[in-house]
Structures are given as C-alpha cells and as structure tokens.
Amino acid sequence: MGLFAKPIFLLYLIPALAILLFILWVGGRLVRRYERALFGMAALRQLTAHLRPVSRWKNTLLVLCVCWMFVALAGPQWGIEVTEAQGSFAQTVIAVDVSASMRAQDVKPTRLENAKRMLQMLVTRLREDRLGIIAFTSKAFIQCPITTDTDALNYFISALQPDMLPVPGTSLAAAVELAARMLSTYPGQKALILLTDGEDHATEELKHAKEVAQQNGIRIIAVGIGTPEGALIPARVDATGHVVEYKKDKTGKTVVSKLDENSLAQLAQATGGVYISYTTPAQVANQIEKAVVGLDKSTSTTGRHVLYKNRYSLPVFLALLCLLGYLMWPSGKKKRTQKR
C-alpha cells in the first residue's frame, strides 16, 4: 500500500511552488519600483504611513493553500474497505461425449475436434453466462466446475480427448444426472448442452434422462455430431496421422459408428430444448447461443475488491482554511494610538 494514490502530484508541487514564489517576488519588486517612480520615496512614505504593511504571513497562507491542494490531488489514503462485485448470470452445463466413437472422421478432422472448436467459439459468445463442462462416456465426470472464467473453460476444452475416461460406452443419463447436481444450487430454468453422436442408448436410459432433466428444470440442447451413414472408428494412428487400425467388436467385426438423431431429438423436445445437427463450428455456436436466450438468471457475488479509503477531504479542508485566511487577512488603515 502507498500513502498516496497518485504521488506524481507531489512532484508537480515543486515547480508549482517555484512559479508561485517567483510571481510573488517579482510582483512585489515591480509594485515597489512603480510606486517609487510615481511618487518618490518621501511622498510614498507620507501616503502609506497610516496603512498596514503587507504581512509575510498572508503570502505564507497562499503558499500553504497551494501545497494542500496538491496533497489532495495526490490522493492520500489509509484504512481499507471491502466491496463486493455482483452480477446476474444464466447457468449452463456443457456435456461432451469422449467415448471412442468421437474419433470417427465423418466430420473432419474428427467428431471431437470439431466439438472442441465449436465450444471455444461458444465460450466467447456466452461471456455473460456461468458455464461448466462435463466429460462423459458410460459415466460422467466434472471437467470444469461452473464458472465465468473463460480462460479456465478454454483450457479444459482443449484437454478433452477420446477415451480420456477409464470406462467405455456412452450414457446420456449419467451426464444429465451430474449436470442436475451441478445446477441444483441455482434457481430457475437452466440448460444442458449435450454434444454426442447419440449412439447405442437403451429406451430406459433415455426415459430416465428425460425425467431427471424435467424434474430439475433443465432444458437440453442436443447437438448431434456425425452422420447417419456413420464412419469407422480409428483404433491406432501412426506418427503421420494415418489410421493403422480400426476398432473391432468382440467377434472381430469392424465397428461403424452412426449418428442417432432420433434419440437426441426426442430427449431435447421432451425438455423444451432443441436438437441441432452439426454443420460447422460457427453455425452451431450461433444456433446454441440463440437457444439459450431467455434462461433464468440469478444474482450472486462475483468477487471481492479491497480498496484503500481516499482521505483527500482533509487536505482540501486545510487548503480552504488557508485560502480563507489569505482572503480575510486584515488590511487598510492602522489603528490610531491615543496619546496621553
């Protein structure tokens, strides 16, 4: 902590005082010179004999007034006060499928890479919302807690990788349940952005996901990444990026991953949300931004700021006292002394 918020004004005081003292000195000499030239010394003494001489204390008060004004401009500060910053935000959780099928290349370069590019654009567009990130396969895990920190969100988005979780498969219900727990502390309607190829979901699981979303006031915005025709899932890639081997099932048959749009559309419709078919990162980010408009917002503290109390009023008060003293300094005729 510095004693002054803007100490540079204390340096400005030095030339200001030099100029003021020079003006007072030169002004006094010029006045005396012209008085002598006009009246002469003898006549001047007779004319001013009954007047009070100009006291040095009067000019001292003017100098002190200037000093205190520059001290006030420098912003003297001591003592602290804590202020809280508040904001109103909508709450949204982003759930990203990181199962092996997200390696499929029917959307170049891969399904997951496209999802990551789109999410980085979306985070920039939704700066006024609280966002959280979930990574899920057959189980869901929090990748980034709900926050307004765009740098943290972009960092965790860039860290998403296929098969980053130790459990295979895909479960939409697991993602919806975890999102509901993350959003439970916030009132009103919230949103869950679900990025997945929507493949291999049992009817019971989809029904459970709908119920959880409806009970918790969560609007699901489902984004289907992939194509209905499907694509092979790369299992091994060489150093140059070429696929060496594709994923096979237990019988040795090559697995083809196909986008299940019907399941995702039903889930979104049941929760008052929308289904978005993936096209390009920019177009999908724009569609999602429009879909989350109107979500309920809640007000909360976004941070605390420690501020030093500005005490400029004290030197201003002293400067005004000095100026008042300068203006009211007695002048005019001397009091006559009675002769006994």
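The structure displayed is predicted, hence computed values, not measured ones.

Would you take a moment to explain the overall build of the protein for this structure?
Tallying secondary structure elements over the protein gives 10 helices and 11 strands in all. Per-residue burial for the protein yields a buried fraction of 37% across its 340 residues. In the protein, once contacts between residues fewer than 6 apart in sequence are set aside, the share between residues at least 24 apart is 83%. As displayed, the protein offers around 19900 Å² of accessible surface, 57% of which is attributable to carbon and sulfur atoms.

It is not clear to me how the nonpolar core should be interpreted in this structure. Could you clarify?
Generally speaking, nonpolar side chains in soluble globular proteins are found buried as a group. Counting residues in hydrophobic clusters, the biggest one holds 33 residues, and the most contacted among them are Met118, Leu122, Leu195, Val223 and Ile288. Elements with a contribution of two residues or more to this core: strand 1 (77-97), helix 4 (111-125), strand 2 (129-136), helix 5 (150-158), strand 4 (190-196), strand 5 (218-224) and helix 9 (281-291). Residues in contact with Leu195, not counting those within four places in the same chain, are Ile94, Ala95, Val96, Asp97, Ala115, Met118, Leu119, Phe136, Val223 and Ile225. Core analysis: the next-biggest nonpolar cluster, separate from the first, contains 30 residues, Ile134, Phe136, Leu172 and Leu178 among them.

Sorry if this is basic, but what is going on with the packing of aromatic side chains here?
Here the distance between the centres and the angle between the planes together describe a pair of aromatic rings. Counted according to the given criterion, the structure contains 2 aromatic pairs. Look at Phe9 and Tyr12: their rings are 5.5 Å apart centre to centre, the planes differ by 85°, and that puts the pair in the edge-to-face class. With a gap of 3 residues between them, Phe9 and Tyr12 both fall in helix 1 (residues 8-39), about one helical turn apart. With a relative accessible area of 23%, Phe9 lands in the partly exposed category. Using a relative accessible area of 42% as the deciding quantity, one classes Tyr12 as partly exposed. Taking 5.2 Å as the distance between ring centres and 80° as the angle between the ring planes, the aromatic pair formed by Tyr155 and Phe156 counts as edge-to-face. Lying over the aromatic face of Tyr326, Lys58 brings its terminal NZ or CZ to 5.2 Å of the ring centre.

Can you walk me through helix 5 in this structure?
Residue pairs three or four apart in sequence face the same way in an α-helix, which turns once every 3.6 residues. The complete set of buried residues in helix 5 reads Thr150, Leu153 and Ile157. One side of helix 5 holds all its buried residues, which, seen down the axis, span an arc of 60°. Away from its buried face, by an angle of more than 90 degrees, helix 5 presents the exposed residues Asp151 and Tyr155. On its buried face, helix 5 is in contact with helix 4, strand 2 and strand 3 (140-147).

Sorry if this is basic, but what is going on with a nonpolar patch on the surface here?
The grouping of Leu320, Leu323, Leu324, Leu327 and Met328 at the surface amounts to a nonpolar patch, some 510 Å² of accessible area in total. Assignment of secondary structure puts Leu327 in helix 10 (residues 313-327). Accessibility expressed as a relative area gives 60% for Leu327, which makes it exposed.

How should the state of the cysteines be read in this particular structure?
As used in these notes, a disulfide is a covalent bond between sulfur atoms, one from each of two cysteines. One pass over the structure, following the stated rule, counts 0 disulfides. No disulfide involves Cys322; its sulfur sits 6.3 Å from that of Cys65, the nearest cysteine. Here Cys322 falls in the buried class, since its relative accessible area comes to 10%.

What is the right way to read the packing of helix 7 (residues 203-215) against helix 8 (residues 261-270) from this model?
Two numbers describe a pair of packed helices, the interaxial angle and the distance between the axes. Direction vectors running N to C along helix 7 and helix 8 enclose 25°, while the axes themselves pass 9 Å from each other. On the basis of their axis angle, the class for helix 7 and helix 8 is roughly parallel. Relative to helix 8, helix 7 is oriented so that their crossing is right-handed. In this structure, helix 7 contributes Leu206, Ala209, Lys210 and Gln214 to the contact, and helix 8 contributes Ser263, Gln266, Leu267 and Ala270. Split by residue class, the contact of helix 7 with helix 8 holds 4 nonpolar, 3 polar and 1 charged.

Sorry, what's going on with helix 9 here?
When helix 9 is considered as a whole, its buried residues turn out to be Pro281, Val284, Ala285, Ile288 and Ala291. For helix 9, the arc enclosing every buried residue in end-on projection is 125°, short of the 170-degree limit, so these residues lie on one face. Buried-residue contacts for helix 9 involve helix 4, strand 4, strand 5 and strand 10 (274-277).

When you look at the pattern of salt bridges in this model, what are you seeing that I'm missing?
Between side chains of opposite charge, a pair can form as their charged atoms come close. Evaluation of the coordinates by the stated rule reveals 6 salt bridges. Where Asp163 meets Arg103, a salt bridge forms, and the shortest distance between an N and an O atom there is 3.0 Å. With a gap of 60 residues between them, Asp163 in the loop between helix 5 and helix 6 (172-183) and Arg103 in the loop between strand 1 and helix 4 connect regions that are remote in the sequence. The salt bridge involving Asp197 is made with Arg111; its shortest N-O contact spans 3.0 Å. One end of the pair, Asp197, is in the loop between strand 4 and helix 7; the other, Arg111, is in helix 4, and 86 residues separate them in sequence. A cluster of three or more residues bridged by salt bridges with shared partners is formed by Asp106, Arg111 and Asp197.

Conventions and cut-offs
Residues numbered from 1 in each chain as written. Predicted model: local features only at pLDDT ≥ 70, side-chain atom pairs only at ≥ 80, totals over all residues. Heavy atoms only, no water. Helix = DSSP H or I, 4+ residues; strand = E, 2+ residues; numbered from the N terminus. Buried < 20%, exposed > 50% of the residue type's maximum accessible area, 1.4 Å probe, protein only. Contact = heavy atoms within 4.5 Å. Areas by Shrake-Rupley, 256 points an atom, 1.4 Å probe, with all protein chains shown as cover. Core = buried A, V, L, I, M, F, W, Y, C linked by side-chain atoms within 4.5 Å. Phe/Tyr/Trp six-rings, centres within 6.5 Å; stacked < 30°, edge-to-face > 60°. Lys NZ or Arg CZ within 6 Å of the ring centre and 35° of its normal. Arc of directions from axis to C-beta. Patch = residues over 30% accessible without salt bridge, like charges linked within 9 Å, V, L, I, M, F, W, Y side chains within 5 Å. Salt bridge = Lys/Arg side-chain N within 4 Å of Asp/Glu carboxyl O. Disulfide = S-S within 2.5 Å. Axes fitted to C-alpha atoms, helices over the stretch in contact; angles between N-to-C directions. Parallel < 35°, antiparallel > 145°, perpendicular 65-115°, else oblique. Left-handed = near helix turned anticlockwise from the far one by under 90°. Nonpolar A, V, L, I, M, F, W, Y, C, P; charged D, E, K, R; others polar.

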